[in-house]
Structure formats: structure tokens, C-alpha cells
Amino acid sequence: MTPPLILSDDVAAAQANGAPVVALESTIITHGMPYPQNLETAQRVEAQVRAHGATPATIALMGGQIRVGLDADSLTALAKTPDAQKVSRADLAACLTSGRTGATTVAATMICARLAGIDVFATGGIGGVHRGAETSFDISADLTELSQTAVTVVAAGAKAILDLPKTLEVLETLGVPVIGYQTDDFPAFWSRSSGLPAPLRMDAPDQIAAAHLMRETLGLPGGQLVANPIPAEAEIPRDRIDPIIAAALKDAADASAKDVTPALLSRILKLTVGQSLDSNIALVLNNARLGAEIAREIATARARPHK
Ligand code: PSU
Ligand code: MN
């Protein structure tokens, strides 16, 4: 049986022509931002990918199908479904067989992108090792997914709500390349630097594309994490966001399992009176642009005759 995969017409056409496509996740829409900013951002991110020469493919589960590329009505419906199921690797099959609407996390979006033959995926931040993981064991499935599914993921690093040193250690153990884009520092989502070094550095999209293709040639499973710092003008400096994160962690202390990340995000949004949302939108747009550039480089390299 073939996977229940439905490509939108423009994504199908791009794939058939070997044209660049950038996958986009949907948990950021349903669980990461409030309506209507979530819809507006999703539309702007898609426009940004197009403006930089690639086709956007927002991925979600609807009616028992993996939808790769959503039309305007489906995107709007999703943005208005706050009770959509948050779907990671563990939930993917069950959500499809139930027919429920599912919003894909980084992990699930990677799986669906791979099934659709898409190399590049742009988002805001990835999940990681939560603070206190030494007792809670709360480590996002995004990390193991990066170690086994061959998609290059562009993110603004990971939020400082997480334990960033432990997140980097786990990524190293799992063999995931973490590439600082035009930076020696691992970015921390709202802040350009976490104060921790990025394990690798690349300064141009063609280098990232070449490494992606070399991993394929080597038969290495797993993807790459491209850590693209937030534009300087949208940054919330670390000394300003740190106390807010501390307060949010206290307020959201009762959340567990899948609710931890959404609870922390919505609390921080309230505490920054929306500034965190403006920054979040700016960094996602920035990642969409870089994702499109990398996808174009990969498409160009794949089209070159073998040497
Ligand atoms: N981090 C963010 N914004 C997000 C998420 C994480 O800064 O929207 C979402 C992503 O979809 C990510 C998921 O894959 O949360 C991770 O959730 P968990 O920690 O439950 O694995
Ligand atoms: Mn978790």
C-alpha cells in the first residue's frame, strides 16, 4: 500500500520538474501562535518561500491523509482549529487512521517531507531537552528524528526554555550536524547567541546543500540542523528574555508531556506583551528565505549531469 499522501498541484508540479520545494510545519500554526497571527504568518511564510524561488509545502493531516501543500481554505481551517491534535512520530499513524485533523511537529513534518521527496524544511525553533530532563526525561522526539530522517531543517536554534547545553550534547551523541549559519554561536531563538558554540559553521547556502548531498552519497540516515540566527533588528537580547523565561517556567510548572512546549510558548507571549510574537514571525520569515535558497542549491546540484 502506498502512503496516504496528497500533494497540492503546485507541489506535485515542482516535484515532477525537480524544482525546489520547502516543507513547512503546522504545529507552529495551531499550537505556537494565536489566531489570527498564526494564519497571517503562515501565509507570509509561504509568500517568502515563493519570493525566493521555491514552492512552499505546508504539511498537515486532514481526513486520514497527509496533505503536502495546503490550499487557502485548508490553511485557514487549520489556523482556526486550536484543538487539532499535536502529532509527532508516535502519533502519526493513529491520527491518520482516526481521520482527525493533526498538526505536525518538526519530527512528524520531517517524516512527511521525506515521504514526499522534499529535502528542506523551514520552521521557527526545534524541540529539545527540557530543563530538569535529568528527572523528567522530557526530551523532544525532534532530536531523534533529526538522527534518522534525511531532511535539512532550518531553525533559529532552540528556545532558552530548553536546556541548550544538554540539547547540543544529545544532538552530538545522535550524530546530527548542527550548522551555525554565518555564525560561530548556537542561536537561542529570540536571541542571536546562546553563549554556546555552534559545532559547525557554514556561510553560504551552496555549502549546506553540498553537505546534504554528501550525506546522501554516504548513505547516512538523518538530517542536518541549520541554526540561523534571528535578524539583529528583531532580537530580544538574552538579559531581557532570561527573566521572562524563568517566570514562564514557574507558571507552566504543572504542564506535562505534549503540553509543556505550548504552555511555555503562550505564557512567554503574555509576559512579553506580544513582542515575542513579532520576533517569532521575523525569525520564521528569515528561515523561510534561507530554506528556499538551500532548496534551490540542492535542486541545481541534482540537475547537474554526473561528473
Ligand atoms: N519550539 C518553538 N516553537 C514551536 C515548537 C517548538 O520554538 O512551535 C513546536 C514544534 O512543532 C516542535 C514542537 O516540533 O513544538 C516540539 O514539541 P515537544 O517539545 O513536545 O516535542
Ligand atoms: Mn516533551
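Residues numbered from 1 in each chain as written. Chains lettered and ligands numbered in written order. Predicted model: local features only at pLDDT ≥ 70, side-chain atom pairs only at ≥ 80, totals over all residues. Heavy atoms only, no water.

So, about the overall build of the protein chain. If you tally the helices and strands in the protein chain, you get 13 helices and 13 strands. Relative to the globule expectation of 19 Å for 307 residues, the C-alpha radius of gyration of the protein chain, 18 Å, shows essentially globular dimensions. C-alpha atoms of the protein chain, sized along the principal axes, occupy 55 × 40 × 35 Å. Scored against the burial criterion, the 307 residues of the protein chain give a buried share of 55%. (Helix = DSSP H or I, 4+ residues; strand = E, 2+ residues; numbered from the N terminus. Rg over C-alpha atoms; globule rule 2.2 N^0.38 Å. Buried < 20%, exposed > 50% of the residue type's maximum accessible area, 1.4 Å probe, protein only.)

Attention shifts here to the layout of surface pockets. Its boundaries defined by the atoms lining it, the largest pocket holds a volume of some 630 Å³. Tallied by class, the residues present in the lining of the largest pocket amount to 14 nonpolar, 14 polar and seven charged. Built from parts of two domains, the lining of the largest pocket gets at least three residues from each of domain 1 (1–118) and domain 2 (119–307). (1 Å grid on protein atoms, 1.4 Å probe; cavity = no way out; pocket = protein on both sides within 12 Å on 5 of 7 lines; lining within 4 Å. Points joined across faces, edges and corners; volume = space filled by probe spheres on them. Nonpolar A, V, L, I, M, F, W, Y, C, P; charged D, E, K, R; others polar. Domains from an automatic or database assignment.)

Around ligand 1, the structure places 14 residues, and the nearest of them are Glu-25, Lys-86, Ser-140, Asp-142 and Lys-159. Between ligand 1 and the protein, one listed contact pairs an oxygen atom with a backbone N or O atom of Val-106 at 2.8 Å. In isolation ligand 1 has 480 Å² of accessible area, and contact with the protein removes 92% of it. A molecule is said to occupy a pocket when more than half its atoms come within 2 Å of that pocket's grid points, and by this definition ligand 1 occupies the largest pocket. Elements that contribute at least two residues to the shell around ligand 1 include exactly helix 2 (27–32) and helix 12 (260–271). Classifying every residue of the shell around ligand 1 gives four nonpolar, six polar and four charged. (Near = heavy atom within 4 Å. Polar contact = N/O pair within 3.5 Å; in protein donor to acceptor, adjacent residues only side chain to side chain. Areas by Shrake-Rupley, 256 points an atom, 1.4 Å probe, with all protein chains shown as cover. Sits in = over half its atoms within 2 Å of the grid points.)

Two quantities define a packed helix pair, namely the angle between the helix axes and the distance between the axes. One can describe the packing of helix 6 (residues 106–115) onto helix 8 (residues 141–148) by two numbers: an axis separation of 8 Å at closest approach and a directional angle of 25°. As the angle between them shows, helix 6 and helix 8 are arranged roughly parallel. Contacts between helix 6 and helix 8 involve Val-106, Ala-107, Met-110 and Ile-111 on the former and, on the latter, Ala-141, Asp-142, Glu-145 and Leu-146. In the contact of helix 6 with helix 8, the residues fall into six nonpolar, no polar and two charged. (Axes fitted to C-alpha atoms, helices over the stretch in contact; angles between N-to-C directions. Parallel < 35°, antiparallel > 145°, perpendicular 65-115°, else oblique. Contact = heavy atoms within 4.5 Å.)

On to the packing of helix 10 (residues 205–218) against helix 13 (residues 275–303). Look at helix 10 against helix 13: their axes get within 8 Å of each other, and the N-to-C directions meet at 55°. When the interaxial angle is binned, helix 10 and helix 13 end up oblique. As for the relative orientation of helix 10 and helix 13, their crossing is right-handed in sense. Residue-level contacts link Pro-205, Asp-206, Ile-208, Ala-209, His-212, Leu-213 and Glu-216 of helix 10 to Leu-290, Glu-293, Ile-294, Glu-297, Ile-298, Ala-301 and Arg-302 of helix 13. (Left-handed = near helix turned anticlockwise from the far one by under 90°.)

Burial analysis of helix 6 places eight of its ten residues in the buried class, which makes it a mostly covered element. Taken together, the buried positions of helix 6 are occupied by Val-106, Ala-107, Ala-108, Thr-109, Met-110, Ile-111, Cys-112 and Ala-113. Phi turns positive, to about 75°, at Gly-117, one or two residues after helix 6.

Where nonpolar side chains cluster on the molecular surface, the patch consists of Met-214, Leu-218 and Leu-220 and spans about 300 Å² of accessible area. Following the sequence through the fold, Leu-218 ends up in helix 10. According to the relative accessible area criterion, Leu-218 is exposed, its value standing at 56%. (Patch = residues over 30% accessible without salt bridge, like charges linked within 9 Å, V, L, I, M, F, W, Y side chains within 5 Å. Salt bridge = Lys/Arg side-chain N within 4 Å of Asp/Glu carboxyl O.)

We now examine the packing of aromatic side chains. On inspection of all chains with the given rule, the structure shows one aromatic pair. Measuring from ring centre to ring centre gives 5.1 Å for Phe-189 and Trp-190, while their planes differ by 85°; the resulting arrangement is edge-to-face. Lys-159 extends its terminal NZ or CZ atom over the ring of Phe-189, reaching a point 3.7 Å from the ring centre. (Phe/Tyr/Trp six-rings, centres within 6.5 Å; stacked < 30°, edge-to-face > 60°. Lys NZ or Arg CZ within 6 Å of the ring centre and 35° of its normal.)

Let us now look at empty space enclosed by the protein. Across all of its chains, the model carries one cavity of 30 Å³ or more by this definition. For the largest cavity, the calculated volume is near 130 Å³. Lining the largest cavity are 13 residues, and of these Glu-25, Ile-28, Ile-29, Ala-42 and Val-45 lie nearest its centre. Mapped by element, the contributors of at least two residues to the lining of the largest cavity are helix 2 and helix 3 (37–51). Among the elements that make up the lining of the largest cavity, the one with the highest residue count is helix 3 (four residues). Here the lining of the largest cavity is composed, by residue class, of eight nonpolar, four polar and one charged. Summarising the domain contributions, the lining of the largest cavity has at least three residues from each of domain 1 (1–118) and domain 2 (119–307).

In short, geometric facts, not functional conclusions.
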